[in-house]
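Listed below are the residues making up each chain.
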Amino acid sequence: MKNETQMYSYDSNSTQPKKTGCGCLFWVFGLILFFMIASLPIASLFGGFFYIKADNEQKAQCTVEIEAVVEENATVYIKKKSSKPKTRISYAPVYSYEYNGKPYLIKSNNSSKPPRYDVGEKVEIMINPDDPSQIYEPGVVNMIFPIILTAGGAVGIIVIITAIIIIFKKIKKAKLKMEE
């Protein structure tokens, strides 16, 4: 027998199967669906990994601890992209500090609701001595989401690889059965 995967139909007047020709279409559709599903855990794995890597790089660059004062809690509008668009409001602290005699006023990239700090509160932050406008806020970045994203992607990839192995074993078993 040939090593082709074909679909067969049976005519009620004959005992011989007829090729229907939709086996190729089935495999193309299956592969497209597989790659669409497989891309999600792969994107999750890499997205979480690169988020953690970028956070660690920023932490490594910001080596000078400095006391900053929260001047205001700037309103941040986050638009959700969904079937029902919605705008979420959160607050990002705006820090003022001085480094090497030069004043800085920097808005954080991290926002929260309710605000993390009160206006006038003194906060310890880390700055990059080569670029004092670059800050790192110790303990602020929530690493739970990127860790879950990375772990979920890894588990998803393991599930997909296991499914591929099972499918190929079943195909091989079916081919052996057809050859008997």
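Everything numeric in this text was worked out from a predicted model, so none of it was measured.

A. Just the overall build of the chain, in detail. The helix and strand tally for the chain stands at two helices and seven strands. When each of the 180 residues of the chain is scored for burial, the buried share is 23%. A fraction of 58% describes how many contacts in the chain between residues 6 or more apart in sequence connect residues 24 or more apart.

B. Layout of the sheet that holds strand 4 (residues 86-99). Spatially, five strands are ordered 5-4-3-6-7 in an open sheet, and the strand pairing comes out antiparallel. This sheet does not close on itself; its edge strands, each paired only once, are strand 5 (102-107) and strand 7 (131-136). Averaged over all adjacent pairs, the angle separating strand axes in this sheet is 45 degrees, with direction ignored. Pairing between strand 3 (residues 64-80) and strand 4: 11 bridges, direction antiparallel. Bridged to Glu-72 within strand 4 is Val-94.

C. Representation of the nonpolar core within the structure. By size, the foremost hydrophobic cluster in this structure holds 13 residues, and its most contacted members are Ile-66, Tyr-95, Tyr-97, Val-123, Ile-125, Ile-127 and Ile-135. Setting aside chain neighbours within four positions, we find Val-123 in contact with Ile-66, Glu-67, Ala-68, Val-70, Tyr-95 and Tyr-117.

D. Representation of the confidence of the model for the chain within the structure. Summarising the model, the chain shows a mean pLDDT of 81, and 81% of its residues fall at 70 or more. Here strand 1 (residues 8-10) stands out as the least confident element of the chain, with mean pLDDT 51; strand 5 is the most confident, with 96.

E. How the structure looks around the packing of aromatic side chains. Scanning all chains against the criterion turns up two aromatic pairs. Their ring planes at 15 degrees and their centres at 5.4 Å tell us that Tyr-97 and Tyr-104 sit as a pair that is stacked. Both residues of the pair, Tyr-97 and Tyr-104, belong to the buried class.

F. Just the pairing of strand 4, in detail. Summarising the sheet, strand 4 and strand 5 pair through six bridges and their orientation is antiparallel. Its bridge partner lying in strand 5, Tyr-97 is registered against Tyr-104.

G. Highlighting the pattern of salt bridges. Going through the model one piece at a time under the given rule, you end up with two salt bridges. A salt bridge links Arg-116 to Glu-137; its shortest N-O distance comes to 3.4 Å. With Arg-116 in the loop between strand 5 and strand 6 (122-128) and Glu-137 in the loop between strand 7 and helix 2 (144-179), this residue pair connects regions lying 21 residues apart in the sequence.

H. Region of the structure containing a nonpolar patch on the surface. Taken together, the side chains of Ile-42, Phe-46, Phe-49 and Phe-50 make up a nonpolar region of the molecular surface, amounting to roughly 400 Å² of accessible area. Along the chain, the position of Phe-49 falls in helix 1 (residues 23-61).

Criteria and cut-off values
- Residues numbered from 1 in each chain as written.
- Predicted model: local features only at pLDDT ≥ 70, side-chain atom pairs only at ≥ 80, totals over all residues.
- Heavy atoms only, no water.
- Helix = DSSP H or I, 4+ residues; strand = E, 2+ residues; numbered from the N terminus.
- Buried < 20%, exposed > 50% of the residue type's maximum accessible area, 1.4 Å probe, protein only.
- Contact = heavy atoms within 4.5 Å.
- Pairing = 2+ DSSP bridges.
- Axes fitted to C-alpha atoms, helices over the stretch in contact; angles between N-to-C directions.
- Core = buried A, V, L, I, M, F, W, Y, C linked by side-chain atoms within 4.5 Å.
- pLDDT = per-residue confidence, 0-100.
- Phe/Tyr/Trp six-rings, centres within 6.5 Å; stacked < 30°, edge-to-face > 60°.
- Salt bridge = Lys/Arg side-chain N within 4 Å of Asp/Glu carboxyl O.
- Patch = residues over 30% accessible without salt bridge, like charges linked within 9 Å, V, L, I, M, F, W, Y side chains within 5 Å.
- Areas by Shrake-Rupley, 256 points an atom, 1.4 Å probe, with all protein chains shown as cover.

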